[in-house]
Amino acid sequence: MFGDQTARRARRWTAGVADQLPLAAFRPAQQSGTISTYGLAEGIVAGTHIATAMGWRPVEAITAGDLVMTFDHGLRPVRRITRAPLFAGPSGCPRPLMPLAVPTGALGNGAPLLLLPEQSVLVESDLAEIRYGDPFALIPAAALEGWRGIDRITPHQRTEVVVLECDTDEVLYANGTGLIHCGAVHGQPIDAFLEQAAGYTVLPMKAAREIVAHLMAAQPV
């Protein structure tokens, strides 16, 4: 899917540029108690820091034209930004939309991270290499539940979600070396991220859970 050259590039970036970008303290997004069964299940939660040409910046501070650091292609401009509340309405938060709280270090992140359940993330797995010929697999964040302390949380305040789109599908660095998917402005619509995307294939949930189960089994006791 990504190849050895991509893996080497990722490790080289992690060992070099990432260390030069100071990660600001993570501040949870201000959230709202008005929650409905309608909302976004993918996108980047406000407060998440993204690696850019100007260093680590909160995703909500990024504007169209800003350069973000990508996993495969170095710096690339953001072409379009969409903002929306995670929930809007009077009903309780449905479980499928509950964000996942990722503890520091669980995904290489240097600070706590909130992920929406259908936000795609890149993980490294021996099973992925055996099955797909590449150690990196793009999976829905929902599949990570239960691994390394990653768990769902119920938002009690307003949560803003920011969707970044580039010229092509990319993987961005979030809160350190966490790797999250960013769609293409002229590619498939956002609600099709879990289908095949240009250059990236997100594993279906069953396969993604198998990858995570293998990662959990490999954890030291």
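Summarised in this report is the structure supplied together with it.

Parameters at a glance
Residues numbered from 1 in each chain as written. Predicted model: local features only at pLDDT ≥ 70, side-chain atom pairs only at ≥ 80, totals over all residues. Heavy atoms only, no water. Phe/Tyr/Trp six-rings, centres within 6.5 Å; stacked < 30°, edge-to-face > 60°. Helix = DSSP H or I, 4+ residues; strand = E, 2+ residues; numbered from the N terminus. Buried < 20%, exposed > 50% of the residue type's maximum accessible area, 1.4 Å probe, protein only. Core = buried A, V, L, I, M, F, W, Y, C linked by side-chain atoms within 4.5 Å. Contact = heavy atoms within 4.5 Å. Pairing = 2+ DSSP bridges. Expected span 1.5 Å × (residues − 1). Arc of directions from axis to C-beta. Polar contact = N/O pair within 3.5 Å; in protein donor to acceptor, adjacent residues only side chain to side chain.

Description of the packing of aromatic side chains
For the structure on display, the rule yields one aromatic pair. Relative to F136, the ring of F71 lies with its centre 5.5 Å away and its plane at 70 degrees, an arrangement referred to as edge-to-face. Of this pair, F71 sits in the loop between strand 4 (67-70) and strand 5 (74-85) while F136 is found in strand 9 (residues 136-140), placing the two residues 65 residues apart along the sequence. For the pair F71 and F136, one class covers both residues: buried.

Brief notes about the nonpolar core
Counting residues in hydrophobic clusters, the biggest one holds 36 residues, and the most contacted among them are I50, L115, V123, I139, L144 and L164. At five residues, the largest contribution of residues to this core is made by helix 4 (residues 205-217). Apart from the residues within four sequence positions on either side, I139 is in contact with Q119, S120, V121, V123, L144, V202, L203, A208 and V212. Counting twelve residues, the second largest nonpolar core, distinct from the first, contains M69, V171, Y173 and Y200.

A closer look at the pairing of strand 11 (residues 160-166)
Most of strand 11 sits out of view: six of its seven residues are buried. For strand 1 (residues 44-45) and strand 11, the ladder comprises two bridges, and the chain directions are antiparallel. Among the inter-strand pairings, I44 is bridged to a residue of strand 11, identified as V162. Across seven bridges, the pairing between strand 5 and strand 11 is antiparallel. Each residue of the ladder has a partner; that of I81, found in strand 11, is L164.

Observations concerning helix 4
Counted at 1.5 Å a residue, the expected span for helix 4 with its 13 residues is 18 Å, and the 18 Å between its end C-alpha atoms agrees. Regarding helix 4, the residues found buried are A207, A208, I211, V212 and L215. When helix 4 is viewed along its axis, its buried side chains cluster within an angular range of 140 degrees and face the same direction. Among the exposed residues of helix 4, those oriented more than 90 degrees off its buried face are K206 and A217.

Quick notes on the environment of E165
Structurally, the position occupied by E165 is in strand 11. Accessibility expressed as a relative area gives 4% for E165, which makes it buried. Within polar-contact distance, the side chain of E165 engages the side chain of R80 at 2.9 Å.

Here we look at the environment of A137
With respect to the helices and strands, A137 occurs in strand 9. Of the residues examined, A137 reaches a relative accessible area of 1% and is grouped as buried. It is 8.4 Å that separates the C-alpha atoms of A137 and T201, two residues lying 64 residues apart in sequence.

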